[in-house]
Amino acid sequence: MEQISYCRDTRISPEQLADVFRRSGIRRPVEDLPRMAAMLAHANLLVTAWDGERLVGVARALTDFSYCCYLSDLAVDLQYQKGGIGRTLVDQVREAIGEKSMLLLLAAPEAMQYYPKIGFEAVPNGWIIKRTA
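Bear in mind the structure is a predicted one, so any value in this text is a computation, not a measurement.

Caption draft 1: Examining the confidence of the model for the chain more closely. Of the residues in the chain, 98% have a pLDDT of 70 or more, and the chain-wide mean is 94. Considering each helix and strand of the chain separately, the mean pLDDT is smallest for strand β5 (residues 102-104), with a value of 96, and largest for strand β2 (residues 45-51), with 98.

As structure tokens, then:
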């Protein structure tokens, strides 16, 4: 493993996104490459983690850079987890959005124990209308 490098807004392909999602264990529609492409096209903040030429982590977000930011994906290759990459990706997002923006996310059940460890707090005032497709 080389030293991990982090990039903001580096373009990645839908195939690269799907691949890192698969290797991370996150549940996303990885077989639907047009949807992966749309997910990349419509996010306005992307932070990636690289081990040399290998994409090993991604934080994909939607933000106004002034009030709020929704962290829609945080994924790290299973072989690279527990090395601080997820925390650094979140730190990079926080740096990009600034102190005036809140950072929020929806966590998968298996990740509920992780987020408090990197500074997130649970909030009781959330609501959701789930997707139908």
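Caption draft 2: Up close: the state of the cysteines. In the structure shown here, the tally under the stated rule is zero disulfides. In this structure Cys68 is not part of a disulfide, and its nearest cysteine sulfur, from Cys69, lies 7.6 Å away. Take Cys69: its relative accessible area is 0%, and that puts it in the buried class.

Caption draft 3: Spatial organisation of the environment of Ser66. With respect to the helices, strands and loops of the structure, Ser66 is situated in the loop between β3 (54-63) and β4 (68-76). Other than its neighbours up to four places away in sequence, Ser66 contacts Lys100 and Ser101.

Caption draft 4: Broad picture of the nonpolar core. Membership of the largest hydrophobic core comes to 22 residues, with the highest contact counts inside it found for Leu71, Ile85, Leu89, Val93 and Leu103. Of all the elements in the fold, those that place two or more residues in this core are β2, β3, β4 and α3 (85-97). A total of five residues in this core trace back to one element, the largest contributor, which is α3. Beyond its immediate sequence surroundings of up to four residues, Leu89 is in contact with Tyr6, Val47, Thr48, Ala49, Gly57, Val58, Ala59, Leu74, Ala75 and Val76.

Caption draft 5: Summary view of the packing of aromatic side chains. For the coordinates displayed, the defined rule picks out two aromatic pairs. An aromatic cluster of three or more residues is present, and its members are Tyr114, Tyr115 and Phe120.

Caption draft 6: Spatial organisation of the sheet that holds β5. Read across the open sheet, the five strands follow the order β1-β2-β3-β4-β5; overall the sheet is mixed. Each edge of the open sheet carries a strand with a single partner, namely β1 (4-8) and β5. For this sheet the average axis-to-axis angle between neighbouring strands, irrespective of direction, equals 25°. Bridging between β3 and β4 involves seven bridges; their strand directions are antiparallel. Residue pairing in the sheet places Ala61 in a bridge with Leu71 of β4. Lying on the sheet, helix α1 (residues 14-24) is in contact with β2, β3 and β4; it crosses β3 at an angle near 105°. Strand contacts of α3: β1, β2, β3, β4 and β5, with the helix running at about 155° to β4, the strand carrying the most contacts.

Here is what the cut-offs are and how they apply
- Residues numbered from 1 in each chain as written.
- Predicted model: local features only at pLDDT ≥ 70, side-chain atom pairs only at ≥ 80, totals over all residues.
- Heavy atoms only, no water.
- pLDDT = per-residue confidence, 0-100.
- Helix = DSSP H or I, 4+ residues; strand = E, 2+ residues; numbered from the N terminus.
- Disulfide = S-S within 2.5 Å.
- Buried < 20%, exposed > 50% of the residue type's maximum accessible area, 1.4 Å probe, protein only.
- Contact = heavy atoms within 4.5 Å.
- Core = buried A, V, L, I, M, F, W, Y, C linked by side-chain atoms within 4.5 Å.
- Phe/Tyr/Trp six-rings, centres within 6.5 Å; stacked < 30°, edge-to-face > 60°.
- Pairing = 2+ DSSP bridges.
- Axes fitted to C-alpha atoms, helices over the stretch in contact; angles between N-to-C directions.

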